[in-house]
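As a plain string of letters, each chain reads:
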Number of protein chains: 2
Amino acid sequence: MEKGKQAVCQTHCLHPEKLDKAREAMEPDERLARLAELFKTLGDFTRVRILQALSIEELCVCDIAALLDLSQSAVSHQLRLLRAAQLVRYRKEGKIVYYALDDDHVYTLFTQGIEHVKEK
Amino acid sequence: MEKGKQAVCQTHCLHPEKLDKAREAMEPDERLARLAELFKTLGDFTRVRILQALSIEELCVCDIAALLDLSQSAVSHQLRLLRAAQLVRYRKEGKIVYYALDDDHVYTLFTQGIEHVKEK
DNA sequence: CCTACATATGAACATATATTCATATATTAA
DNA sequence: TTAATATATGAATATATGTTCATATGTAGG
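Parameters at a glance
- Residues numbered from 1 in each chain as written.
- Chains lettered and ligands numbered in written order.
- Predicted model: local features only at pLDDT ≥ 70, side-chain atom pairs only at ≥ 80, totals over all residues.
- Heavy atoms only, no water.
- Pairing = 2+ DSSP bridges.
- Helix = DSSP H or I, 4+ residues; strand = E, 2+ residues; numbered from the N terminus.
- Disulfide = S-S within 2.5 Å.
- Buried < 20%, exposed > 50% of the residue type's maximum accessible area, 1.4 Å probe, protein only.
- Expected span 1.5 Å × (residues − 1).
- Contact = heavy atoms within 4.5 Å.
- Least-squares fit on C-alpha atoms with pLDDT ≥ 70 in both.

Further remarks concern the sheet that holds strand β1 (residues 59-60) of chain B. Spatial ordering of the open sheet is given by β1-β3-β2 (chain B), a layout of three strands whose pairing is antiparallel. For this open sheet the edge positions go to β1 and β2 (88-93) of chain B, each flanked by a neighbour on one side alone.

With that settled, the discussion passes to the state of the cysteines. Defined simply, a disulfide is a covalent bond joining two cysteines at their sulfur atoms. Throughout the structure, instances matching the rule amount to two disulfides over all chains. Note on cysteine connectivity: Cys 62 of chain A is disulfide-linked to Cys 9 of chain B, with sulfurs 2.3 Å apart. Within this pair, whereas Cys 62 of chain A is found in helix α4 (residues 61-68), its partner Cys 9 of chain B is found in the segment before α1 (16-25), the two belonging to separate chains. Residue Cys 62 of chain A is classed as buried on the basis of its relative accessible area, which comes to 10%. This cysteine, Cys 60 of chain A, is not joined by any disulfide, and Cys 13 of chain B carries the nearest cysteine sulfur, 3.9 Å off. A residue is classified by how much of its surface remains accessible, and Cys 60 of chain A, at 1% relative accessible area, is buried.

Spanning 14 residues, helix α2 (residues 29-42) of chain A covers 20 Å between terminal C-alpha atoms, matching the ideal 20 Å at 1.5 Å per step. Every buried residue of α2 of chain A is accounted for by Leu 32, Leu 35, Ala 36, Leu 38, Phe 39, Thr 41 and Leu 42 of chain A. The inward-facing, buried residues of α2 of chain A contact α3 (45-56), α5 (72-84) and α6 (104-119) of chain A together with α2 (29-42), α3 (45-56) and α6 (104-119) of chain B.

All right, on to the relation of the copies chain A and chain B then. You can overlay chain A on chain B at an RMSD of 0.0 Å; the transform is a turn of 180 degrees with a shift of 0.0 Å along its axis. Classification of the inter-copy transformation places it as that of a two-fold axis.

Residue and element names in this part refer to chain B. Inspection of the secondary structure assignment puts Ala 100 in strand β3 (residues 96-101). Note on Ala 100: relative accessible area 8%, which makes it buried. The spatial distance from the C-alpha of Ala 100 to the C-alpha of Arg 89 is 5.5 Å, given a sequence separation of eleven residues.

Residues and elements named next belong to chain A. Taking burial as the measure, the six residues of strand β3 (residues 96-101) include five buried ones, the bulk of the element. Looking at chain direction, strand β1 (residues 59-60) and β3 are connected through two bridges and run antiparallel. Its bridge partner being in β3, Leu 59 is matched across the sheet by Tyr 99. Counting the residues in the hairpin turn of strand β2 (residues 88-93) and β3 gives two residues, including Gly 94, whose phi is positive at 65 degrees.

In short, the description is geometric, and any link to function would need to be established separately.
What follows is the structure, encoded as structure tokens:
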């Protein structure tokens, strides 16, 4: 994505002052990259349903699979991604593993999204 | 994803009361699907950068391409997705098209995400 | 030890998606 | 009209990603 990029507009439409201002105020790329990763993790139907379920109640892997009609494997794989994104935490009780939302911040972000969707 | 799904756990680990409670409180699938789409649209580095830029200032397509060092085509394609998700709006002034965040709700969702990322 | 069971994970496959390239559309000016 | 320019878009390609299948890991009980 760094080479083929042809000549963008001539000059007429460019607004140097705006660009300067924007350049200054931009968040660092590294932070934006992590933000994109966070949203990407949230951006899947299966994962959204899992998070919704966990926002109601702590559940074990089997509960989630049964509730959402998914295979145990599929759920496990998705939980791994959610764990990596620090969106869920877990505790083990014998062979059973219970998952829950990691913190209220996740809940807030999630419900904020719900509100947005409801309004459209 | 509806057939191979093997036998989930036997019964020992299932929590019927929890499942009932969760089933009742779950948002409708259609809403969760739209939420996933929303997050998916937000979940891309290029689009996140575009939104960040627009959260600072209204910009034309050329401005965005120059600011983020992207081809005009790539920017246009992404703006199409952002438009479809109602995350940005635009106004035309001659041949120049200016884009801006669609509303404060988007801004809130976006900054909320930034906060989350900053804290980790 | 061995068996059963809950969960995790690697590989393969099928699908989705982001960018590039080429080209189309729309607007202004001559 | 024709030329120039800003933006949009279709097709192709390369990469990413979600699910399945098979299997591994970890834990409890006999």
